[in-house]
Amino acid sequence: MKKIEKLIPHAIKVIKDAGITDGMEVRSEYNGYISSFGASITRSGLLPTVIFFENEDSDTNAKRHLVPKALLHLIGQQFNHEKLSDYVMKNDTSHTEKLSEISDAAVALKIALRTYKILN
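All residue numbers here refer to positions counted from 1 along the written sequence of the relevant chain. Given that the model is predicted, a residue must reach a pLDDT of at least 70 before its local features are reported, and side-chain atom pairs must reach 80 or more before they are shown or counted; all residues, however, enter totals for whole chains, interfaces and linings. The side-chain values count all of the structure's non-hydrogen atoms but skip hydrogen atoms and water molecules.

A. Looking closely at the layout of surface pockets. Reported here for the largest pocket is a volume of approximately 160 Å³. If you go around the largest pocket, the residues you meet are E54, E56, H65, P68, K69, L72, E82, K83 and L84. Here the residues of the lining of the largest pocket sort into three nonpolar, one polar and five charged. Of the two site types, the cavity is a set of points on a 1 Å grid over the protein atoms alone where a 1.4 Å probe fits but cannot get out, and the pocket is an open set with protein on both sides within 12 Å along at least five of seven lines, each lined by residues with an atom within 4 Å of a point. Grid points are joined across faces, edges and corners, and a volume is the space filled by probe spheres set on the points. Nonpolar residues are Ala, Val, Leu, Ile, Met, Phe, Trp, Tyr, Cys and Pro. Charged residues are Asp, Glu, Lys and Arg, and all others, Gly as well, are polar.

B. Spatial organisation of the pattern of salt bridges. Salt bridges are identified by distance alone: a Lys or Arg side-chain nitrogen within 4 Å of an Asp or Glu carboxyl oxygen. For the structure on display, the rule yields three salt bridges. Where K13 meets D17, a salt bridge forms, and the shortest distance between an N and an O atom there is 2.7 Å. Taken together, the positions of K13 and D17, both in helix α1 (residues 3-17) and four residues apart, correspond to about one turn of that helix. With a relative accessible area of 48%, K13 lands in the partly exposed category. R27 is the partner of E29 in a salt bridge, and the nearest nitrogen-oxygen pair spans 3.3 Å. Counting from the N terminus, the helices are DSSP H or I runs at least four residues long and the strands are E runs at least two residues long. Categorising residues by exposure relies on relative accessible area from a 1.4 Å probe, with only protein chains included: less than 20% of the type maximum marks a residue as buried, more than 50% marks it as exposed, and the intermediate range marks it as partly exposed.

C. View of the packing of aromatic side chains. Classification of ring pairs rests on two measures: the distance between centres of Phe, Tyr or Trp rings, Trp counted by its six-membered ring, which must be within 6.5 Å, and the angle between planes, read as stacked under 30 degrees, edge-to-face over 60 and tilted in between. By the definition in use, this model includes three aromatic pairs. With 5.7 Å between their ring centres and 90° between their planes, Y30 and Y33 make a pair best called edge-to-face. Of this pair, Y30 and Y33 both sit in helix α2 (residues 28-44), three residues apart, roughly one helical turn. A single burial state applies to Y30 and to Y33, both of which are buried. Centre to centre, the rings of F52 and F53 are 5.6 Å apart; their planes meet at 80°, and the pair counts as edge-to-face. Classification of F53 as buried rests on a relative accessible area of 1%. The rings of F37, F52 and F53 are connected pair by pair, giving a single aromatic cluster. Taking NZ or CZ as reference, K98 lies 5.0 Å from the ring centre of Y87, over its face. Throughout this description, the term charge over a ring refers to an Arg CZ or Lys NZ atom that lies within 6 Å of the ring centre and within 35 degrees of the ring normal.

Okay, here's the thing in structure tokens:
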């Protein structure tokens, strides 16, 4: 079984745990946030993307900072680090490994989001 496939059941639960939903419906903004997260990594790099998404003072319709929170939870680092940016900046594993791990988690989160009803 592929890594992303293994992450999907956990990602479904993480969507609730991170506060992206409190039931079976998710605001459509989160669909866009998770999609743009991956594109932003390609365009800007991992750390700038994470810092941008963690900004709680941004003027967004939904709480964009919940996306990196969910990713941190999904990769199993929520007990070791307060923020995903802290994990990314720590020198315990290679940048390439972290990039792969976070990218896989983002894909699993994107797929898991499709199990919820998307509100417009």
